[in-house]
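Observations on chain architecture
Letter by letter, the chains look like this.
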Amino acid sequence: MRLYDTARQAVVPFEPGPQVLMYTCGITPYDATHLGHAATFIAYDVLQRRLIDLGHSVKCVRNVTDVDDPLFAKARELGVHYLDLAAGEEARFERDMEALHALPVHSSPRASSAIPDIRGFIGMVLDRGFAYESGGSVYFDVSKFPSFGSVSHYSESEMIAIARERGGKVDDPNKRHPLDFVLWHPSEPDEPSWDTMWGPGRPGWHIECSALALRELGTTIDLHGGGSDLIFPHHECERAQSEAATGEPFVKHWMHVAMVYMNGHKMSKSLGNLVFVDALRREWDPRAIRLAIIEHHYRLEWEWDDTLMPRNKARLEHWSRGGHGESGVVDDVRAALDDDLNTPAALALIDEAAAKGLGVHDAAALLGVLL
RNA sequence: GGCGACGUGGCCGAGUGGCUGAGGCAAAGGACUGCAAAUCCUUCCACAUGGGUUCGAUUCCCAUCGUCGCCUCCA
């Protein structure tokens, strides 16, 4: 199968061994799952299904970021403990994913479960000389890592210029280099804090994924994913610290899922242009929601609009009318998926077969849609 | 500013180096109806702009313009 690799900026063969090690960045559970989240994880679900269909076993880890600023802020606002908020939202996310018929992932480790791993991981980075302590924080030393930027393809001078332009942490006097990022930093008074040999505090944003990937999957993983908004800085920093810690390649293949738009803008909480999965599935068959998502190619940005659900409800009914006899379209669907996960083409093939009155149950099942 | 994506008829949205071009919605006309709705039939309308490559481009390349995204909150 061929997939686009963000780091190589090209569609390249993706030919993992019998067991595929896969890590996708999950959610920060402080609010309901919206279409953008669903689209991301459904894309990886379709990938997983095809890999299993090809005979692989897939070990997919999807973390839950339950130690993070937006979660603390929301918990503060609601007056609840951040872990209570996280547990509730995580459960809601799981229900949404289950309703959309997503395969269960191998594990969904929480950042809060990884503090000992993070401590050890930071120790590794420090021991190998890629990080330094300063002012109660531990920073990654970007100057020691020349290939910083090779995932996102920003040059160092560009990143510095941007950082300087935006102000903020560039001028942090504890930093040696403006692009150095935090591995560990002191907590605010009302934030959780853990003791370490370099001082009390909490993990930096990127470190949990590196520590969890190492803990659950080992030094080198086959495929790492997430939303395209995570490419920089998150995945750039993650790769740097992981390779610094282990000395081994971190990720063989980077796969990012494009953003979903609504009313011409990226679906985001600040704009309020959100469609929540739990609200949507009160009104529509979850299979139709899945179809509405995979009607789009994972790598292209797309816009949510009101015609999507009626159209895909009709599509679902159309497909269901065929008999159980198989049409031979399954192999065409496989070929479409192997071509950079071309789900729009796969749907078109099935539409066509269904229009001829052929059975498309197996082909639909390959996409995670049980008729 | 850097990087990236995109720009197809009123709207959404496939697709292809060659009589130019799915499908859906909308609209118009007709059939049907007591009148409508629904349904069915028919019709209308497009490949951002300028170059280049080519026998020939909407499709490939370059530039321009435009829209949008990312740039340490974000799937």
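One structure accompanies this document, and this report is about it.

Cut-offs applied
- Residues numbered from 1 in each chain as written.
- Chains lettered and ligands numbered in written order.
- Predicted model: local features only at pLDDT ≥ 70, side-chain atom pairs only at ≥ 80, totals over all residues.
- Heavy atoms only, no water.
- Pairing = 2+ DSSP bridges.
- Helix = DSSP H or I, 4+ residues; strand = E, 2+ residues; numbered from the N terminus.
- 1 Å grid on protein atoms, 1.4 Å probe; cavity = no way out; pocket = protein on both sides within 12 Å on 5 of 7 lines; lining within 4 Å.
- Points joined across faces, edges and corners; volume = space filled by probe spheres on them.
- Expected span 1.5 Å × (residues − 1).
- Buried < 20%, exposed > 50% of the residue type's maximum accessible area, 1.4 Å probe, protein only.
- Contact = heavy atoms within 4.5 Å.
- Near = heavy atom within 4 Å.
- Polar contact = N/O pair within 3.5 Å; in protein donor to acceptor, adjacent residues only side chain to side chain.
- Nonpolar A, V, L, I, M, F, W, Y, C, P; charged D, E, K, R; others polar.
- Core = buried A, V, L, I, M, F, W, Y, C linked by side-chain atoms within 4.5 Å.
- Domains from an automatic or database assignment.
- Phe/Tyr/Trp six-rings, centres within 6.5 Å; stacked < 30°, edge-to-face > 60°.
- Lys NZ or Arg CZ within 6 Å of the ring centre and 35° of its normal.

**Digging into the sheet that holds strand S7 (residues 182-185)**
Spatially, the four strands line up as an open sheet ordered S5-S6-S7-S8, and their pairing is antiparallel. A strand with exactly one partner marks an edge of an open sheet, and here the two such strands are strand S5 (131-134) and strand S8 (202-203). Bridge count for strand S6 (residues 137-140) against S7 is two bridges, and the pairing is antiparallel. By the bridge assignment for S7, Tyr-139 is matched with Val-182.

**Overview of the layout of surface pockets**
Estimated volume of the second largest pocket: approximately 760 Å³. Elements represented by at least two residues in the lining of the second largest pocket include exactly helix H1 (35-53), helix H6 (207-217) and strand S9 (221-227). Ranked by residues supplied to the lining of the second largest pocket, first place goes to H1 with four residues.

**Considerations on helix H4 (residues 115-127)**
For H4, spanning 13 residues, the distance from its first C-alpha to its last is 18 Å, which sits close to the expected 18 Å at 1.5 Å a residue. Among the residues making up H4, those that are buried are Ile-115, Ile-118, Phe-121, Ile-122, Gly-123 and Val-125. Where H4 is buried, its residues meet S5, S6, S7, S8, H6 and helix H7 (231-246). Where H4 terminates, the next one or two residues include Gly-129, which has phi positive at roughly 85 degrees.

**Remarks on helix H11 (residues 329-338)**
Note that an α-helix has 3.6 residues per turn; residues three or four places apart therefore point the same way. The complete set of buried residues in H11 reads Val-329, Val-330, Val-333, Ala-336, Leu-337 and Asp-338. Buried residues in H11 make contact with strand S1 (2-5), H1, helix H12 (343-355) and helix H13 (361-366). Downstream of H11 by one or two residues, Asp-340 has phi in the positive range, about 55 degrees.

**Structural notes on the protein's contact with RNA strand B**
With respect to spatial proximity, 32 residues lie near RNA strand B, and among them Gly-36, Glu-158, Trp-205, Gly-227 and Leu-230 are the closest. In RNA strand B, the atoms that sit within 4 Å of the protein are 65% sugar and phosphate, with bases accounting for the remainder. Take Gly-36: an N or O atom from its main chain is 2.9 Å from a base nitrogen of RNA strand B. Separating a sugar or linking oxygen of RNA strand B from a side-chain N or O atom of Tyr-261 is a distance of 3.3 Å. When its residues are assigned to classes, the surface near RNA strand B shows 16 nonpolar, ten polar and six charged.

**Re the nonpolar core**
Soluble globular proteins tend to pack their nonpolar side chains together in the buried interior. Of all hydrophobic cores here, the largest spans 64 residues; its most connected members are Leu-47, Trp-304 and Leu-367. The element best represented in this core is H1, accounting for ten residues. Composition of this core by domain shows at least three residues from each of domain 1 (17-260) and domain 2 (310-366). Setting aside residues no more than four positions away along its own chain, Leu-47 makes contact with Met-1, Leu-3, Met-22, Leu-223, Met-255 and Leu-341.

**Topic: the pairing of strand S2 (residues 10-13)**
Relative to S2, S1 is paired through four bridges, and the arrangement is antiparallel. Bridge pairing in S2 places Arg-2 opposite Pro-13. Here S1 folds back onto S2 in antiparallel fashion, the turn holding four residues, of which Gln-9 has a positive phi close to 55 degrees.

**Focus: the packing of aromatic side chains**
In this structure the tally under the stated criterion is eleven aromatic pairs. Considering the side-chain rings of Phe-41 and Phe-93, the 5.5 Å spacing of their centres and the 80 degrees angle between planes classify their relative orientation as edge-to-face. Of this pair, Phe-41 sits in helix H1 while Phe-93 sits in helix H3 (residues 82-99); the two residues are 52 residues apart in sequence, bridging distant segments of the chain. Across the pair, Phe-93 and Phe-41 agree in class, each one buried. In this structure an aromatic cluster arises from ring pairing among Phe-130, Phe-140, Phe-145, Phe-148 and Phe-181. Seen from the ring of Phe-41, Arg-62 lies directly overhead, with NZ or CZ sitting 5.1 Å from the centre. For Arg-176, the ring lying beneath its charged end belongs to Tyr-132, and the centroid distance is 3.9 Å.

Geometry only, nothing functional implied.
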